[in-house]
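Coordinates in review
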Amino acid sequence: MSFNIAIDGPAGAGKSTIAKKLAKELSFIYVDTGAMYRAMALYFIRNGIDDADADAIARACENVDITIVYRNGEQCVLLNGEDVNGLIRSEEVGNMASNTSVYPPVRAKLTALQQKLAATSNIIMDGRDIGTCVLPHAQVKIYLTASVDTRAKRRYDELLKKGTQADLAQIKKDIAERDARDMNREIAPLKQAEDAVLVDSSEMDIDEVVAAVLAIYKKAV
């Protein structure tokens, strides 16, 4: 039987960073669901699809194939066969992903792939509704969060490190708005699963968060 770890939480909480480190530590497969939604969003942007046009979004989903493969130990997200890892981390794509992830055809397409992976492999999956909707039977569920100020500063520093101009106030505003959308959407809203363990990383570094989640995992096995 496969072992599944679900990590949920708001944008910028460090879910992907922690999940990747845990996957390496435990030799699990890491499934970045956010990257899959971002790849779908990139397709919508490239094809000029409005995030309010439900019919166009539903039709577009039929033409999108998103897969995850590992190359040289690194996860690559393929959008219709194209490696889009370097194209899906912009604020524009992130906002489009948040706006379009509410549509049932988008969620149905990606959830089916995610559940198939989880049924056959030991996986760590992070997102907004993994423990509540995608993997409700995961053996370990984590709700990873941090203050809006902390998450905005982390994103700001990350962009500057990449040589990208950034506005801290705008990033903070975007994160707060994304939180509101994710928590209040009708379908699969962001929330802590009843059996999830809360981990607040506001005052923790990456290694401390990894250690905390590993301790939770070891109690469950």
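Within every chain, residues take consecutive numbers counted from 1 along the sequence as written. Only residues with pLDDT of 70 or above have their local features reported here, since the model is predicted, and side-chain atom pairs are shown and tallied only from 80 upward, although totals for entire chains, interfaces and linings are computed over all residues. With hydrogens and water excluded, all non-hydrogen atoms of the structure serve as input to the side-chain values.

Topic: the overall build of the chain
Filter applied, for reference: By definition, any uninterrupted DSSP run of H or I lasting at least four residues is a helix, any uninterrupted run of E lasting at least two residues is a strand, and each is numbered from the N terminus. For this measure, only C-alpha atoms enter the radius of gyration; the expected value for a globule follows 2.2 Å times N^0.38, where N is the number of residues. Burial status follows relative accessibility: with a 1.4 Å probe on protein chains alone, a residue under 20% of its type maximum counts as buried, one over 50% as exposed, and anything between as partly exposed. Working rule for contacts: check all heavy atoms of both residues, and any pair within 4.5 Å makes them a contact. Computed with a 1.4 Å probe, the accessible areas rest on the Shrake-Rupley method; for each residue, only the protein chains presented here act as cover. The positive count covers Lys and Arg only, the negative count covers Asp and Glu only, and His and the chain ends enter neither. For charged residues, the charge sits on one atom: NZ in Lys, CZ in Arg, CG in Asp, CD in Glu.
Helices and strands together make up the secondary structure of the chain, namely nine helices and eight strands. Since a compact globule built from 221 residues should have a radius of gyration of about 17 Å, the 17 Å found for the chain is in line with a globular shape. By principal-axis analysis of the C-alpha atoms, the chain measures approximately 50 × 40 × 40 Å. A total of 221 residues make up the chain; the buried ones form 47% of that total. Looking at the chain alone, contacts between residues at least 24 apart form 75% of all its contacts between residues at least 6 apart. Accessible surface computed for the chain: about 10,900 Å², of which carbon and sulfur atoms make up 51%. Charged side chains in the chain number 28 positive and 32 negative. The centres of these two groups are separated by 3 Å.

Regarding the confidence of the model for the chain
Rules: Within a predicted model, pLDDT stands for the predictor's per-residue confidence, ranging from 0 to 100.
Model confidence for the chain is summarised by a mean pLDDT of 93, while 100% of its residues fall at 70 or above. Strand β7 (residues 140-145) holds the highest mean pLDDT among the elements of the chain, 98, whereas strand β3 (residues 66-71) holds the lowest, 81.

Quick word on the sheet that holds strand β4 (residues 74-79)
In any sheet, the strands associate via hydrogen bonds between backbone groups, in a parallel or an antiparallel arrangement. The test is simple: Only strands that DSSP links by at least two bridges are regarded as paired with each other. Between N-to-C directions, angles span 0 to 180 degrees; the directions come from axes that are lines fitted to C-alpha atoms, helices contributing only their stretch in contact.
Pairing within the open sheet is antiparallel, and its three strands lie in the order β3-β4-β5. Pairing within the sheet leaves two strands with one partner each, and these edge strands are β3 and β5 (82-83). In this fold helix α2 (residues 33-46) packs onto β3, β4 and β5, with an angle of close to 35 degrees to the strand it touches most, β4.

Here's the deal with the layout of surface pockets
Rules: Only protein atoms enter the 1 Å grid used here, on which a cavity is any set of points holding a 1.4 Å probe that cannot leave and a pocket is any open set flanked by protein within 12 Å on both sides along at least five of seven lines; residues with an atom within 4 Å of a point are listed as lining. Grid points are joined across faces, edges and corners, and a volume is the space filled by probe spheres set on the points. Lys, Arg, Asp and Glu make up the charged group, whereas Ala, Val, Leu, Ile, Met, Phe, Trp, Tyr, Cys and Pro make up the nonpolar group; the residues left over, Gly among them, are polar.
Of the pockets and cavities examined, the largest pocket occupies roughly 1,100 Å³. Around the largest pocket, the lining comprises 43 residues; the ones closest to its centre are G12, A13, G14, S16 and R89. Ranked by residues supplied to the lining of the largest pocket, first place goes to helix α1 (residues 15-26) with five residues. Roughly 390 Å³ of internal volume is contained in the second largest pocket. Looking at the second largest pocket, it is lined by 18 residues, and the ones nearest its centre are K20, Y30, G73, E74 and Q75. For the lining of the second largest pocket, the secondary structure elements donating two or more residues are α1, β2 (29-32) and β4. A total of four residues in the lining of the second largest pocket trace back to one element, the largest contributor, which is α1. Each residue belonging to the lining of the second largest pocket can be placed in one class, and the counts come to eight nonpolar, four polar and six charged.

Concerning the sheet that holds strand β1 (residues 4-8)
Pairing within the open sheet is parallel, and its five strands lie in the order β2-β6-β1-β7-β8. A single partner strand is all that each edge strand has here, and the edge strands are β2 and β8 (197-200). Averaged over all pairs of adjacent strands, the angle between their axes in this sheet comes to 20 degrees, without regard to strand direction. Summarising the sheet, β1 and strand β6 (residues 123-127) pair through five bridges and their orientation is parallel. Note on β6: the bridge partner recorded for D8 is G127.

A closer look at the side chain of S101
Rule in force here: Any N or O atom pair separated by 3.5 Å or less is treated as a polar contact, with the protein-specific requirement of one donor-capable and one acceptor-capable atom, and with residues adjacent in sequence counted only for side-chain atom pairs.
Looking at the element boundaries, S101 is found in the loop between α4 (91-100) and α5 (104-120). Reaching out from S101, the side chain makes a polar contact with the backbone oxygen of S98 at a distance of 3.2 Å. Ignoring anything within four residues of it in the chain, the contact list for S101 reads Y37, V106, R107 and R185.

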